[in-house]
Amino acid sequence: MIFGCYALFDLLASLVFGKYLVQIGAKFMFVAGMFVSGGVTILFGVLDQVPEGPIFIAMCFLVRVADAVSFAAAITASFSILVKAFPNNVATVLGSLEIFSGLGLVLGPPLGGFLYQSFGYEVPFIFLGCIVLLMVPLNMYILPNYDSDPGEHSFWKLITLPKVALIAFVINSLSACFGFLDPTLSLFVLEKFNLPAGYVGLVFLGLALSYAISSPLFGLLSDKIPHLRKWFLVWGNIITAGCYMLLGPIPILHIKSQLWLLVLILVLNGISAGMSIIPTIPEILSCAYENGFEEGLSTLGLVSGLFSATWSVGAFIGPTLGGFLYEKIGFEWAAAVQGLWSLTSGLTMGLFYLWEHSRRRRSKLQNIPGTEEERTALLPDDI
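Residues numbered from 1 in each chain as written. Predicted model: local features only at pLDDT ≥ 70, side-chain atom pairs only at ≥ 80, totals over all residues. Heavy atoms only, no water.

Under an unreviewed UniProt entry, the name given to the chain is MFS-type transporter SLC18B1 isoform X6, and the source organism is Ursus maritimus. Listed in UniProt under the heading Subcellular location (unreviewed entry), the comment for the chain reads: "Cytoplasmic vesicle, Secretory vesicle, Synaptic vesicle membrane". What UniProt records for the chain under Sequence similarities (unreviewed entry) is the sentence "Belongs to the major facilitator superfamily. Vesicular transporter family." (UniProt positions renumbered as here; feature names shortened; annotations may be inferred.)

This is how it looks when you write it as structure tokens:
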């Protein structure tokens, strides 16, 4: 419950902050979120000093909730600021920033482990919290203020657009796939290959590095050739589904589980994840604008809040369901079930794009006037 409450409050806070981004201010929301997050991270380091029992449990919940709310504020505001600052290169900028997400995933475990072993429990949290707090004055100085009028549209109108709802399902499934690996993959590697605990983190490197390297490329292609986004979304999900079928691999394939195959599949999974995730925000934005949403901070807040909220739902369901299935049916079948989720979202998205294409084609044919209509329209009224 202590870990799960993070995703729940991240979801709720993302929706609230996305709705009231204009009223609060994007810059203030981002800087305030970072400041609270840094302070709360330092508080994590002193939780072991709290008396055990109900007080300790209550403080754990309080710190996790505060961290979730501050993270939601910073992430929701950051997406909006980026799209506002780089309106013509949204996917490229988001893809480039995913390099640093990948670096964080790569450097976090070994750096945290080193500080923990060398200096004890408190130091990793204090060190990281101080780094975040140092970023606060820097961002206060660098970031511009963006002013905008509140919009008339709501989350409900955005999510009830069929295309947006399906893309939200895609985001949800991809987040759940990532979340599934957190509690299960390390246990599977330890049991299956008898690796030392220190080497387990290296297995995740293939996923993190391939995601960090491929994301800028897919972002650039999404901006330069916009019609490729739909193909990235569909095929990225289908490839991700195939990766999860082969992670174990699923027993019906009769493929022996080997460490090199597992690492290779994780590398492919990182690439397919980048292919699927990067086009989501540009696609939601283009759909919102086509349906009458104003081009301003209010719409950007709704879109970034929606992305964060749907991601947090998957981040909660993935490890929860994954851990349950791991215990009941084993890693191989649990990973396959997770892959089916991604396969369903990819195929559904593909069918929607085919339907959308055929509908637009029919409307174009209906709008072409016949020869007699053209002749009538061109002749003067008196004739």
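## As for the overall build of the chain
Each helix and strand in the chain was counted, giving 15 helices and zero strands. For 383 residues, the compact-globule estimate of 2.2 N^0.38 gives 21 Å, and the chain sits close to it at 24 Å. By its C-alpha atoms, the chain is 95 × 55 × 35 Å across when sized along the principal axes. The 383 residues of the chain split such that 46% are buried. A separation of at least 24 residues holds for 84% of the contacts in the chain among residues at least 6 apart in sequence. As displayed, the chain offers around 19,800 Å² of accessible surface, 71% of which is attributable to carbon and sulfur atoms. (Helix = DSSP H or I, 4+ residues; strand = E, 2+ residues; numbered from the N terminus. Rg over C-alpha atoms; globule rule 2.2 N^0.38 Å. Buried < 20%, exposed > 50% of the residue type's maximum accessible area, 1.4 Å probe, protein only. Contact = heavy atoms within 4.5 Å. Areas by Shrake-Rupley, 256 points an atom, 1.4 Å probe, with all protein chains shown as cover.)

## So, the nonpolar core
Of all hydrophobic cores here, the largest spans 52 residues; its most connected members are Phe30, Leu158, Val164, Ile281, Ile284 and Met349. With nine residues, helix α14 (residues 297-367) is the largest single contributor of residues to this core. Once residues lying within four places of it in the same chain are set aside, the contact partners of Val164 are Leu158, Ile159, Ile284, Cys287 and Leu306. Within the second largest apolar cluster, 22 residues are counted, among which are Leu181, Val200, Val203 and Ala334. (Core = buried A, V, L, I, M, F, W, Y, C linked by side-chain atoms within 4.5 Å.)

## Brief notes about a nonpolar patch on the surface
Residues Ile252, Leu253, Ile255, Ile329, Trp333 and Val337 make up a contiguous nonpolar surface patch of roughly 510 Å² in combined accessible area. Note on placement: Ile252 falls in the loop between α11 (228-247) and α12 (259-277). (Patch = residues over 30% accessible without salt bridge, like charges linked within 9 Å, V, L, I, M, F, W, Y side chains within 5 Å. Salt bridge = Lys/Arg side-chain N within 4 Å of Asp/Glu carboxyl O.)

## Some details on the packing of aromatic side chains
Summed over all chains, the structure comprises 15 aromatic pairs. With centroids separated by 6.2 Å and ring planes inclined at 65°, the aromatic side chains of Phe352 and Tyr353 adopt a geometry described as edge-to-face. The exposure classification of Phe352 matches that of Tyr353, with both residues buried. Members of the aromatic cluster, connected to one another through ring pairs, are Phe180, Phe188, Phe193, Tyr244, Tyr326 and Phe331. If you follow Lys157 out to its NZ or CZ, it ends over the ring of Phe293, 5.7 Å from the centre. (Phe/Tyr/Trp six-rings, centres within 6.5 Å; stacked < 30°, edge-to-face > 60°. Lys NZ or Arg CZ within 6 Å of the ring centre and 35° of its normal.)

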